[in-house]
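Below, each chain spelled out in residue letters.
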Amino acid sequence: MTAQALNLPFARAEYDARLAKVHAEMGERGLDVLIVTDPSNMNWLTGYDGWSFYVHQCVVLIAGEAPIWFGRGQDAAGARRTVWMENDRIEGYPDHYVQSTERHPMDLLASRLVDQGYPSAHIGVEMDNYWFTAAAFAALQKGLPDARFNDATALVNWQRAVKSEAELGYMRKAGAIVSRMHRRIFDTARPGLRKSDLVADIYDEGLRFDEAAGHGGDYPAIVPLLPSGPDAGAPHLTWDDAPLKSGEGTFFEIAGCVRRYHCPLSRTVFLGKPTQTFVDAEKAVLEGMEAGLEAATAGNTCNDVASAFFDVLTRHGIEKDNRAGYPIGVSYPPDWGERTMSLRRGDMSELKPNMTFHFMTGLWMEDWGFEITETIRITDSAPECLADVPRKLVVID
């Protein structure tokens with residue numbers, strides 16, 4: 001099967017450009033080999049797309065060469081159908097390595113690197129991510145005792161920060177889908193509706209083919225988050241089968257997803273007459289968002305956006321002790337963030353055109369929570385909002 005026969009999300013030239021950027025950074029760091037275990041980075045570099053990240057897998061980069069996909073033997077079939085490389089760059093390990101107490105897949109990878117002439121190479125590994133374990137690192141060290149290992153966490157992530165036009169196209173499609181998802185919530189939510197039934201509606205809307213987007217939806221990296229009342233003071237609760245109640249606010253943090261590219265968006269729904277607390281929160285957050293969006297231009301910094309937003313909250317007597325956003329793009333569970341910059345005070349990372357962020361202005365207080373957010377694209381002037389949902393507290397009588 002040739003790369004031309006595959007349903008790749010991007011042209012080969014785009015993958016070549018991405019690989020060149022990573023190889024250049026490897027050269028700057030003096031790395032001979034880079035072992036990439038973050039499935040988002042694997043996808044970005046090769047196109048690989050499969051639910052196989054619960055077993056050990058990686059993409060191996062060697063300076064000047066095409067990537068090598070390394071993973072479970074049965075998943076090599078998925079690699080042959082999704083990556084742009086030729087089949088000789090796909091290597092599957094035998095199934096007796098899977099969840100074995102006697103051997104580790106990285107034992108085999110280490111021996112392969114020795115066979116290929118890299119027993120004493122300078123090797124980068126993603127030390128701090130969700131998919132690279134202590135046992136994996138120990139196996140590599142044991143199999144490559146003469147190699148020098150360096151922490152290359154987020155090396156690839158940083159190369160993903162500025163999006164191509166093709167990437168932005170998928171994110172705009174995801175924005176159209178998440179906009180439709182929120183409209184479904186507004187049309188459906190009512191006192192007595194069980195949350196589990198509402199989540200079924202959210203998934204239904206998020207996955208069906210969207211005429212406006214011209215695309216069906218993918219599974220998002222994070223499940224719908226929709227705590228109500230006092231539970232909304234905890235930002236990451238999901239759902240149960242309890243009914244929605246009048247007199248309570250519920251925030252909905254959800255995302256549209258197309259070809260693994262995400263557009264997260266949050267809105268808060270209040271059933272009945274909103275309390276003064278919610279009225280005041282809406283005023284403060286919307287004013288702060290306007291200030292933050294005004295600062296979100298190329299050449300400014302993450303600190304500038306965060307400071308503009310937090311200064312407004314302070315004037316309203318509200319303290320928010322967590323960041324106000326993060327970059328997003330291609331991702332897999334359990335997180336849709338890119339894990340590089342943060343919209344927080346002190347982060348002096350420079351904003352560049354076509355960077356994309358989830359401007360997360362959520363408030364999580366002792367007995368209530370409130371979220372109105374935007375996914376934005378950085379430009380030389382005002383940022384582009386990738387979804388189209390009224391920016392307000394949604395009141396349903």
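Residues numbered from 1 in each chain as written. Predicted model: local features only at pLDDT ≥ 70, side-chain atom pairs only at ≥ 80, totals over all residues. Heavy atoms only, no water.

Draft legend 1. The overall build of the protein chain, seen in detail. A tally of helices and strands in the protein chain yields ten helices and 15 strands. By the compact-globule yardstick of 21 Å for 397 residues, the protein chain fits well, its C-alpha radius of gyration being 23 Å. If one aligns the C-alpha atoms of the protein chain with their principal axes, the spans along those axes are about 70 × 40 × 40 Å. When each of the 397 residues of the protein chain is scored for burial, the buried share is 58%. The contacts of the protein chain with a sequence gap of at least 6 include a subset with a gap of at least 24, amounting to 69%. Distance from the positive charge centre (39 side chains) to the negative charge centre (56 side chains) of the protein chain: 3 Å. (Helix = DSSP H or I, 4+ residues; strand = E, 2+ residues; numbered from the N terminus. Rg over C-alpha atoms; globule rule 2.2 N^0.38 Å. Buried < 20%, exposed > 50% of the residue type's maximum accessible area, 1.4 Å probe, protein only. Contact = heavy atoms within 4.5 Å. Lys, Arg positive; Asp, Glu negative; His and termini not counted. Charge placed at Lys NZ, Arg CZ, Asp CG, Glu CD.)

Draft legend 2. Molecular detail of the packing of aromatic side chains. If you walk through the whole model with that rule in mind, you get 20 aromatic pairs. Judged by centre distance (5.8 Å) and plane angle (75 degrees), the ring pair of phenylalanine 10 and tyrosine 261 falls under edge-to-face. Residue phenylalanine 10 is located in the segment before helix 1 (12-29), and its partner tyrosine 261 is located in strand 8 (residues 261-271); the two are separated by 251 residues in the primary sequence. Of the residues examined, phenylalanine 10 reaches a relative accessible area of 6% and is grouped as buried. With centroids separated by 5.5 Å and ring planes inclined at 85 degrees, the aromatic side chains of phenylalanine 137 and phenylalanine 149 adopt a geometry described as edge-to-face. Of the two residues, phenylalanine 137 is situated in helix 5 (residues 134-143) and phenylalanine 149 in strand 6 (residues 148-151); the sequence distance between them amounts to twelve residues. Just above the ring of tyrosine 15 sits the side chain of arginine 18; from NZ or CZ to the centre is 5.3 Å. Positioned over the ring face of tyrosine 219 is arginine 260, at 4.0 Å from the centre of the ring. (Phe/Tyr/Trp six-rings, centres within 6.5 Å; stacked < 30°, edge-to-face > 60°. Lys NZ or Arg CZ within 6 Å of the ring centre and 35° of its normal.)

Draft legend 3. Representation of the confidence of the model for the protein chain within the structure. Per-residue pLDDT for the protein chain has a mean of 96; in total, 99% of the residues score no lower than 70. Scored below 50 in pLDDT, residues 1-5 shows seven contacts in the model against residues more than four places distant or in partner chains. (pLDDT = per-residue confidence, 0-100.)

Draft legend 4. Fine view of a nonpolar patch on the surface. Together, Trp51, Tyr54 and Tyr219 make up a nonpolar patch on the protein surface, roughly 350 Å² of accessible area in all. Among the structural elements, tyrosine 219 can be located in the loop between helix 8 (195-207) and strand 7 (249-258). The partly exposed category is assigned to tyrosine 219, whose relative accessible area is 30%. (Patch = residues over 30% accessible without salt bridge, like charges linked within 9 Å, V, L, I, M, F, W, Y side chains within 5 Å. Areas by Shrake-Rupley, 256 points an atom, 1.4 Å probe, with all protein chains shown as cover. Salt bridge = Lys/Arg side-chain N within 4 Å of Asp/Glu carboxyl O.)

Draft legend 5. Spotlight on helix 9 (residues 276-295). Over its 20 residues, helix 9 runs 29 Å from end to end, which matches the ideal 28 Å to within 8%, given 1.5 Å per residue. Considered for burial, the residues of helix 9 that qualify are Phe278, Ala281, Glu282, Ala284, Val285, Gly288, Met289, Gly292, Leu293 and Ala295. (Expected span 1.5 Å × (residues − 1).)

Draft legend 6. Spotlight on the sheet that holds strand 10 (residues 356-359). Strands sit in the order 9-10-13-14 across an open sheet of four strands; the sheet is antiparallel. Looking at which strands have only one partner, the edges of the open sheet turn out to be strand 9 (325-327) and strand 14 (384-385). By the bridge criterion, four bridges tie strand 10 to strand 13 (residues 374-377) in an arrangement that is antiparallel. Note on strand 13: the bridge partner recorded for phenylalanine 357 is isoleucine 376. Lying on the sheet, helix 9 is in contact with strand 10 and strand 13; it crosses strand 10 at an angle near 165 degrees. (Pairing = 2+ DSSP bridges. Axes fitted to C-alpha atoms, helices over the stretch in contact; angles between N-to-C directions.)

Draft legend 7. Summary view of the pairing of strand 3 (residues 68-72). With respect to burial, strand 3 is a largely interior element, five of its five residues being buried. Bridge count between strand 2 (residues 58-62) and strand 3: three bridges; the pairing is antiparallel. Each bridged residue has a counterpart across the sheet, and for cysteine 58 the counterpart in strand 3 is phenylalanine 70. Hairpin connection, strand 2 to strand 3: the antiparallel pair is bridged by five residues, and glycine 64 has positive phi, about 85 degrees.

Draft legend 8. Focus on the packing of helix 9 against helix 10 (residues 302-315). Their axes nearest at 8 Å, the elements helix 9 and helix 10 cross at an angle of 155 degrees. It follows that helix 9 is roughly antiparallel to helix 10 by the angle criterion. The two elements helix 9 and helix 10 meet at a crossing, and its hand is right-handed. Note on element contacts: helix 10 touches helix 9 through Asp304, Val305, Ala308, Phe309, Val312, Leu313 and Arg315, opposite Ala284, Val285, Glu287, Gly288, Met289, Ala291, Gly292 and Ala295. Split by residue class, the contact of helix 9 with helix 10 holds ten nonpolar, two polar and three charged. (Parallel < 35°, antiparallel > 145°, perpendicular 65-115°, else oblique. Left-handed = near helix turned anticlockwise from the far one by under 90°. Nonpolar A, V, L, I, M, F, W, Y, C, P; charged D, E, K, R; others polar.)

Draft legend 9. Spatial organisation of the nonpolar core. Judged by nonpolar contacts, the single largest core of 63 residues is most densely connected at Val22, Leu34, Leu61, Trp69 and Val156. If you look at the next biggest cluster of nonpolar residues, it comprises 32 residues, including Ala284, Val285, Ala324 and Met341. (Core = buried A, V, L, I, M, F, W, Y, C linked by side-chain atoms within 4.5 Å.)

Draft legend 10. Summary view of the pattern of salt bridges. Under the criterion given, the structure shown has 25 salt bridges. A salt bridge links arginine 267 to glutamate 374; its shortest N-O distance comes to 2.9 Å. Linking arginine 267 in strand 8 with glutamate 374 in strand 13, this pair joins segments that are 107 residues apart in sequence. Aspartate 311 serves as the salt-bridge partner of arginine 345, at 2.9 Å between the closest nitrogen and oxygen. Placement of arginine 345 in the loop between strand 9 and strand 10 and of aspartate 311 in helix 10 is noted, with a sequence separation of 34 residues between them. On the basis of relative accessibility, which here comes to 37%, the residue aspartate 311 falls in the partly exposed class. By sharing partners, the salt bridges in this structure join Arg180, Arg184, Asp201, Asp204, Glu205, Arg208 and Asp210 into a single network.

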